[in-house]
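Topology and contacts: notes
Here are the chains, one letter per residue:
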Amino acid sequence: MRRNWFIAAIGIGIAAIVIAAVAMRLSDDDPPTTEEWAGSVCTSLSDWRESIASLTDAGGEPLTADSLRDKLSDASDATSDLVTQLRDLGPPDLEASDELEQQLNASVEELESRFDAVKDSAEEVADAPAGEFVQQLAALGSDLAALQTAISETATTLQNADVAESSKAELQQAFADAPSCESLRSES
């Protein structure tokens with residue numbers, strides 16, 4: 001009789017562990033709220049913007065072709081991180097989540113494409129003869145400024161996404177309330 005109770009207790013224990021594991025897995029798969037989603041998008045964009053801004057910041061030292069190449073490598077890594085973070089984020093818990101995810105993916109592709117164009121220009125600057133480096137670097141500034149503007153515009157575009165009217169107000173409020181979106185708004 002004791003053996004049957006022991007086996008039953010083990011069976012109940014295993015069942016409880018399995019149920020707990022399934023429940024935890026299901027809770028991890030819940031989509032983010034619209035507010036969490038907007039905050040994550042803006043945090044990722046803000047972090048990436050800082051990486052892009054650092055391309056021309058040599059920390060008080062003169063920017064050289066080698067230091068520009070190093071910064072380009074860091075910015076490329078940051079761009080890969082941004083793309084991964086935003087694609088892994090998935091859609092928010094919103095009625096128009098599929099449309100919003102498509103718009104986010106399109107925005108990510110646009111930013112990645114713009115970065116690639118700036119990166120190509122910066123690599124040309126890094127390969128320029130020493131006498132032309134500073135002159136070409138100055139010209140690169142407008143490309144970087146345009147990329148910075150595009151980052152801020154991405155948040156605005158997503159906030160004003162073309163989604164069902166029932167979702168639009170919630171989406172706009174989520175971006176308005178997210179503290180990480182504030183710095184992006186102030187830069188646009």
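In this text the structure is predicted, and so the values were computed from the model without any measurement. (Residues numbered from 1 in each chain as written. Predicted model: local features only at pLDDT ≥ 70, side-chain atom pairs only at ≥ 80, totals over all residues. Heavy atoms only, no water.)

Considerations on helix α3 (residues 65-89)
The end-to-end C-alpha distance of α3, which contains 25 residues, comes to 36 Å, matching closely the 36 Å that a straight helix rising 1.5 Å per residue would cover. For α3, the set of buried residues is L68, K71, L72, A75, S76, A78, T79, L82, V83, L86 and L89. Looking at the buried side of α3, the elements it contacts are α2 (34-53), α4 (97-126) and α5 (130-159). Where α3 terminates, the next one or two residues include G90, which has phi positive at roughly 75°. (Helix = DSSP H or I, 4+ residues; strand = E, 2+ residues; numbered from the N terminus. Expected span 1.5 Å × (residues − 1). Buried < 20%, exposed > 50% of the residue type's maximum accessible area, 1.4 Å probe, protein only. Contact = heavy atoms within 4.5 Å.)

Re the packing of aromatic side chains
Tallying each qualifying case throughout the model produces two aromatic pairs. Here the aromatic rings of W37 and F175 are separated by 6.1 Å at their centres, their planes lie at 85°, and the arrangement is edge-to-face. Residue W37 is located in helix α2, and its partner F175 is located in helix α6 (residues 165-177); the two are separated by 138 residues in the primary sequence. Accessibility assignment for this pair places W37 and F175 in one class, buried. Between W48 and F115, the ring centres sit 6.3 Å apart and the planes meet at 65°, which makes this aromatic pair edge-to-face. In this pair, W48 is assigned in helix α2 and F115 in helix α4, connecting sequence segments 67 residues apart. For W48, a relative accessible area of 2% gives the class buried. Since its relative accessible area comes to 2%, F115 is described here as buried. (Phe/Tyr/Trp six-rings, centres within 6.5 Å; stacked < 30°, edge-to-face > 60°.)

A look at the pattern of salt bridges
By the definition in use, this model includes four salt bridges. Among the salt bridges present, the one from E109 reaches R87, with a minimum N-O distance of 3.7 Å. Residue E109 is located in helix α4, and its partner R87 is located in helix α3; the two are separated by 22 residues in the primary sequence. With relative accessibility at 35%, the residue R87 sits in the partly exposed group. One salt-bridge network, held together by shared partners, links D66, R69 and D127. (Salt bridge = Lys/Arg side-chain N within 4 Å of Asp/Glu carboxyl O.)

Description of the side chain of S76
For S76, the position within the fold is in helix α3. Its relative accessible area of 15% is what places S76 among the buried residues. Once residues lying within four places of it in the same chain are set aside, the contact partners of S76 are F115 and K119.

Some points on the state of the cysteines
All chains considered together, the criterion is met by one disulfide. At a sulfur-sulfur separation of 1.9 Å, the disulfide partner of C42 is C181. With the S-S dihedral at roughly 90°, the linkage between C42 and C181 falls on the right-handed side. Here C42 is found in helix α2, whereas its partner C181 is found in helix α7 (residues 179-187), with 139 residues between them in sequence. Residue C42 is classed as buried on the basis of its relative accessible area of 0%. (Disulfide = S-S within 2.5 Å.)

Quick word on the nonpolar core
One recurring pattern in soluble globular proteins: nonpolar side chains tend to sit buried together. Core analysis: the biggest nonpolar cluster contains 45 residues, and V41, L45, W48, I52 and F175 have the highest contact counts within it. Secondary-structure elements contributing two or more residues to this core are α2, α3, α4, α5, α6 and α7. Sequence-distant contacts of F175, defined by excluding residues within four places in its chain, comprise W37, A38, V41, C42, A155, L158, Q159, C181 and R185. (Core = buried A, V, L, I, M, F, W, Y, C linked by side-chain atoms within 4.5 Å.)

A closer look at the confidence of the model for the protein chain
When the pLDDT values of the protein chain are averaged, the result is 83; 82% of them are 70 or greater. With pLDDT under 50 throughout, residues 20-27 is counted as low confidence; its partners more than four residues away or in other chains account for zero contacts. (pLDDT = per-residue confidence, 0-100.)

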